[in-house]
Amino acid sequence: MTEKANVETSEAEIAVHMQEEAYFYPPRDFVAQANMTDESIYDRFSLDNFPNCFKEYADMLDWYEYWDEILDTSDAPCYKWFKGGKINASYNCIDRHLPKNKNKTAIHFVPELEEDAVQHITYQELYVRVNEMAALLRDFAGLKRGDRVTLHLPMSAELPITMLACARLGVIHSQVFGGFSGKAAGDRIEDSGSRVLITMDSYYRGGKLLDHKKKAEEAVAKAAEDGQVVDKVLIWQRYPGKYSAATPIVEGRDFMINDVLKDFYGVRVEPERMNAEDPLFLMYTSGTTGKPKGCQHGTGGYLAYVTGTSKYVQDIHPEDVYWCMADIGWITGHSYIVYGPLSLCASSVIYEGIPNYPDPGRPWRIAQNLDVNIFHTAPTAIRALRKIGPDEPAKYNYKFKHMTTVGEPIEPEVWKWYYKVVGKEKAAIVDTWWQTETGGFLCSTLPGISPMKPGSAGMAVPGIHPIILDDEGKELPRGAGKAGNICIQNPWPGMFQTIWGDRDRFVTNYFARYCKNPKSKDWRDWPYLTGDAAVEAPDGYYRILGRIDDVINVSGHRLGTKELESAALVVEEVAEAAVVPVKDDIKGVVPDLYVALKPGFDASDAIAKKIMDALISEIGPIAKPRKVWIVPDMPKTRSGKIMRRVLAALSNNNDVGDVMTLANPDVVELIKNQVQK
Ligand code: WTA
């Protein structure tokens, strides 16, 4: 209940009506063992100590040669971190752990089929396999330092093995999410100029063994059409020694990695001494329009940043069993399944399949059996598990000390379920806000220092200094509770170096808007535009409202879609909610609200009314949607994000465009029949 809806807001502001939630404090036993409990870290990483503060992260790594300049801004906003330093990421994630920890599990690979054995790969075994693969890439595939290679691999132990083999040679890997189409892989092959594609014959998803090799054919064809020839396709086998796909092998182009590896048994490859600023990998952002952007991440800066944040924010200790349920095909997987955790010598869990196979208890069985103590996932997965198996976590005996949420704003209701039911009120939770471009976390509480606030990412992490700007570039007062465009004032080691092959686009997309002097070599003149809308509360906690484009302007009140969705989720029956703008002659736009219900509830006018009332009472009459559509499911991307663009097209009677890349394209037709009758 709030009167706040009547507060005047100017055109440039986004009305914020959400109540600030109460704090939750991290459990005492968590704090007692936490890596970082010293509040002075925020002083050490203050702007006054920038950029030298990041030495602390670089010192967590082993360098062949130390750098002579911590930050070179001579080509701003393309920065060079730790210039002059020489380092190898594969060495830091493997070799340096061998003297003390060679028998420790580096990777637990959990196949989707429960009857298949879990593989526990020690650091020694990882060392052997990465070396042999590196030898194969060098001597059989002819890859060398600076070359790009496209990986289109499913969740498997072979994926990090391939990445680390590339890193050992200084070959720039570009892993494309396995669920993406062959065509999407082809676009990225062309853009990166890869002549080698590394794939797998098949993998399990939802209990079915999918023919993944089929996509390699599409990818190679698409790349060729665009002018990039792939001369070798290297194929891992899901079951080594047995080809498990129906798609034929192309003689002279396709090679089974397991066969070729036999020639490299026992070979060791000396890690390349890379310059700190040499690229480590490309990660294409999954933009829905335009050419995909290859975010180029460097070696020394990136590795230092993901190691430092894995230690302080993820609280990873070498003895932890850490499970991030994201896909390695996304930045989350690169930074916080592979590079960060392995650099810290943790055991990292890789799960092949979907969380609810064969039933929604699966994640908690995995957690119980491997004794996972750090768990990391996205709100979309949390909402799905809450929807289909709300009582499952209680049936299993695991204990998480720490849990993470990433990728979208989390509604406070969902956060509380995560905390109480999944975490059994025993875990510290971090809500980590960041992007493919940023390499690592931007905002999050430090779990051993600050309390948690549901729905709020928390303060900026050490060394990140956000500002919220209005449309004119004026800074909003700190802690004002007003929303605007959140930018980062300073560079940091994990940020991408450029867009592969397109520096202009890098500058235009991310810096041009607020840069006053495009010739400047001073980082202070180059605030980084995240593209998100956010609000800073008086306590310095940031709440991310979503992409700037997702803001809805109703009669001059700019409403964050997320706060409307959060209000809908207060209604007990609601599992998921999405708000989209509909054109309206009078108000400009009005919100349309889509909801999916938890199992066991049927759509009814009574529920629709209850939801409508909740929005009005939680936010105010201004938030009243044109209509509440109760739909069977939300259209979603393969990474689980709700496709508001598709819903908006349906609501506005526009063409939905190509929906075949969605995880559930069929649902679009169902919703269309409902909405456009
Ligand atoms: C959103 C994922 C709110 C945000 C690591 C950002 C979030 C985009 C959060 C980047 C969070 C990510 N709270 N929103 N904790 N984390 N986002 O590139 O809009 O896949 O700009 O990187 O996701 O998505 P990306």
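Just so it is clear, the structure is predicted and the values come from calculations on it, not from any experiment.

**Q** Residues and numbers for the overall build of the protein chain, please.
**A** The number of helices and strands found in the protein chain is 20 helices and 31 strands. Considering only C-alpha atoms, the protein chain reaches an extent of 70 × 55 × 55 Å along its principal axes. At a minimum sequence separation of 6, the contacts of the protein chain that also span at least 24 residues come to 72%. For the protein chain, the computed accessible surface area is about 24,900 Å², with 49% contributed by carbon and sulfur atoms. Across the protein chain, the centroid of the 78 positively charged side chains sits 1 Å from that of the 92 negatively charged ones.

**Q** Let's hear about the environment of P355: which residues, and what values?
**A** Following the sequence through the fold, P355 ends up in the loop between β18 (347-351) and α13 (362-370). Overall, P355 belongs to the partly exposed group, its relative accessible area being 28%. Apart from the residues within four sequence positions on either side, P355 is in contact with M325, R362, P363 and L385.

**Q** Lay out the pairing of strand β12 (residues 232-236) with the relevant residues and their values.
**A** Regular strands place their side chains on alternate faces of the sheet. Of all the 5 residues making up β12, 5 are buried; the element is thus mostly covered by neighbouring parts of the structure. Every second residue of β12 is oriented toward a common face, with K232, L234 and W236 on one face and V233 and I235 on the other, all of them buried. Looking at chain direction, β12 and strand β13 (residues 254-256) are connected through 3 bridges and run parallel. Paired with I235 across the bridge in β13 is M256.

**Q** Talk me through the side chain of D191; I want residue IDs and the actual numbers.
**A** Following the sequence through the fold, D191 ends up in helix α8 (residues 182-192). Within the structure, D191 has its side chain in polar contact with the side chain of Y284 (distance 2.7 Å). Not counting chain neighbours up to four residues away, the residues in contact with D191 comprise Y284, K291 and W500.

**Q** Would you mind going over the packing of aromatic side chains in detail, with residue names and values included?
**A** Per the counting criterion, the structure on display carries 47 aromatic pairs. Between Y66 and W67, the aromatic rings sit 4.0 Å apart at their centres with planes inclined by 25 degrees, giving stacked as the arrangement. Y66 sits in the partly exposed class, given a relative accessible area of 41%. We classify W67 as buried; its relative accessible area is 11%. Summarising the aromatic geometry, the rings of W415 and Y419 are spaced 5.3 Å apart at their centres and angled 10 degrees between planes, so their arrangement reads as stacked. Placement of both W415 and Y419 in helix α15 (residues 412-422) is noted, with a separation of 4 residues, approximately one turn of the helix. Since its relative accessible area comes to 1%, W415 is described here as buried. Judged by its relative accessible area of 8%, Y419 is buried. Feature note: the residues F45, F50, F54, Y57, W63, Y66, W67, W81, F82, Y305, Y312 and W523 constitute an aromatic cluster, connected by ring pairs. Stacked on the ring of F140, the Lys or Arg K232 has its end atom at 5.3 Å from the ring centre. For K242, the ring lying beneath its charged end belongs to Y239, and the centroid distance is 5.0 Å.

**Q** Tell me what's going on with the site of the ligand, and back it up with residues and numbers.
**A** Taken together, 16 residues lie near the ligand, and D431, T432, Q435, T436 and D532 sit nearest. Between the ligand and E408 there is a distance of 3.3 Å, counted from a nitrogen atom to a backbone nitrogen or oxygen. Take P409: an N or O atom from its main chain is 3.3 Å from a nitrogen atom of the ligand. Relative to its free-state accessible area of 530 Å², the ligand is covered by the protein chains to the extent of 88%. Of all elements in the fold, only α12 (331-343), β21 (428-432) and β26 (542-547) reach the threshold of two or more residues within the shell around the ligand. Grouping the amino acids of the shell around the ligand by side-chain chemistry returns 6 nonpolar, 5 polar and 5 charged.

**Q** Go over the pattern of salt bridges, please, and point to the residues and values.
**A** Where charged atoms from two side chains of opposite charge approach closely, those side chains can pair. Using the criterion set out here, one finds 43 salt bridges in the structure. The salt bridge involving D72 is made with K83; its shortest N-O contact spans 3.1 Å. Of this pair, D72 sits in strand β2 (residues 69-72) while K83 sits in strand β3 (residues 80-83); the two residues are 11 residues apart in sequence, bridging distant segments of the chain. Here the residues in one salt-bridge network are E114, D359, R362 and R365, joined through shared partners.

**Q** Explain empty space enclosed by the protein to me, using residue names and the numbers behind them.
**A** Scanning the model with the defined rule gives 7 cavities of 30 Å³ or more in all. Computed from the structure, the largest cavity encloses a volume of approximately 90 Å³. In terms of lining residues, the largest cavity is bounded by 15 residues, among which W81, G298, P493, M495 and Q497 are the most central. Contributions of two or more residues to the lining of the largest cavity are made by β3 and α11 (300-312).

**Q** Which residues make up the sheet that holds strand β15 (residues 279-285), and what values go with them?
**A** Within a beta sheet, neighbouring strands are joined by backbone hydrogen bonds and run either parallel or antiparallel to one another. The strand order across the open sheet formed by 8 strands is β13-β12-β9-β7-β8-β15-β16-β24, and the pairing between neighbours is mixed. One side of each edge strand has no neighbouring strand; the edge strands of this open sheet are β13 and β24 (498-499). Here 4 bridges tie strand β7 (residues 148-152) to strand β8 (residues 172-175), and the two strands are oriented parallel to one another. Counted as the bridge partner of R148 is I172 from β8. In this fold α12 packs onto β8, β15 and β16 (293-298), with an angle of close to 140 degrees to the strand it touches most, β15.

**Q** Just give me the short version of the sheet that holds strand β20 (residues 402-406), but keep the residues and values in it.
**A** Here 7 strands make up an open sheet; going across it, the order is β6-β5-β18-β17-β19-β20-β21 and the pairing mixed. The open sheet has two edge strands with one neighbour each: β6 (119-122) and β21. Pairwise comparison of adjacent strand axes, ignoring direction, gives a mean angle of 20 degrees for this sheet. When strand β5 (residues 105-110) meets β6, the two strands line up antiparallel, connected through 4 bridges. Residue pairing in the sheet places I107 in a bridge with I121 of β6. Sheet strands in contact with helix α6 (residues 123-139) are β5 and β6, and its direction is about 80 degrees off that of β6. Where α15 meets the sheet, its contacts fall on β19 (374-377), β20 and β21, and the angle it forms with β20 comes to roughly 155 degrees.

**Q** Describe the side chain of E437, listing the residues and the values that go with them.
**A** Considering the arrangement of structural elements, one finds E437 in the loop between β21 and β22 (466-469). Summary of buried charges: E437 has no salt-bridge partner, and the nearest side chain of opposite charge, K293, is 4.4 Å away. Beyond its immediate sequence surroundings of up to four residues, E437 is in contact with T285, K293, C295, H297, G494, M495, F496, Y510 and Y528.

**Q** Tell me about the packing of α6 against helix α7 (residues 158-169), and name the residues and values.
**A** Here α6 crosses α7 at 60 degrees, and the two axes come no closer than 8 Å. Taken as axis vectors, α6 and α7 run oblique relative to one another. Relative to α7, α6 is oriented so that their crossing is right-handed. Counted together, L126, Y127, R129, V130, N131, M133, A134, L137 and R138 of α6 and E158, I161, T162, L164, A165, C166, R168 and L169 of α7 form the full contact between these two elements.

The rules we used
Residues numbered from 1 in each chain as written. Predicted model: local features only at pLDDT ≥ 70, side-chain atom pairs only at ≥ 80, totals over all residues. Heavy atoms only, no water. Helix = DSSP H or I, 4+ residues; strand = E, 2+ residues; numbered from the N terminus. Contact = heavy atoms within 4.5 Å. Areas by Shrake-Rupley, 256 points an atom, 1.4 Å probe, with all protein chains shown as cover. Lys, Arg positive; Asp, Glu negative; His and termini not counted. Charge placed at Lys NZ, Arg CZ, Asp CG, Glu CD. Buried < 20%, exposed > 50% of the residue type's maximum accessible area, 1.4 Å probe, protein only. Pairing = 2+ DSSP bridges. Polar contact = N/O pair within 3.5 Å; in protein donor to acceptor, adjacent residues only side chain to side chain. Phe/Tyr/Trp six-rings, centres within 6.5 Å; stacked < 30°, edge-to-face > 60°. Lys NZ or Arg CZ within 6 Å of the ring centre and 35° of its normal. Near = heavy atom within 4 Å. Nonpolar A, V, L, I, M, F, W, Y, C, P; charged D, E, K, R; others polar. Salt bridge = Lys/Arg side-chain N within 4 Å of Asp/Glu carboxyl O. 1 Å grid on protein atoms, 1.4 Å probe; cavity = no way out; pocket = protein on both sides within 12 Å on 5 of 7 lines; lining within 4 Å. Points joined across faces, edges and corners; volume = space filled by probe spheres on them. Axes fitted to C-alpha atoms, helices over the stretch in contact; angles between N-to-C directions. Parallel < 35°, antiparallel > 145°, perpendicular 65-115°, else oblique. Left-handed = near helix turned anticlockwise from the far one by under 90°.

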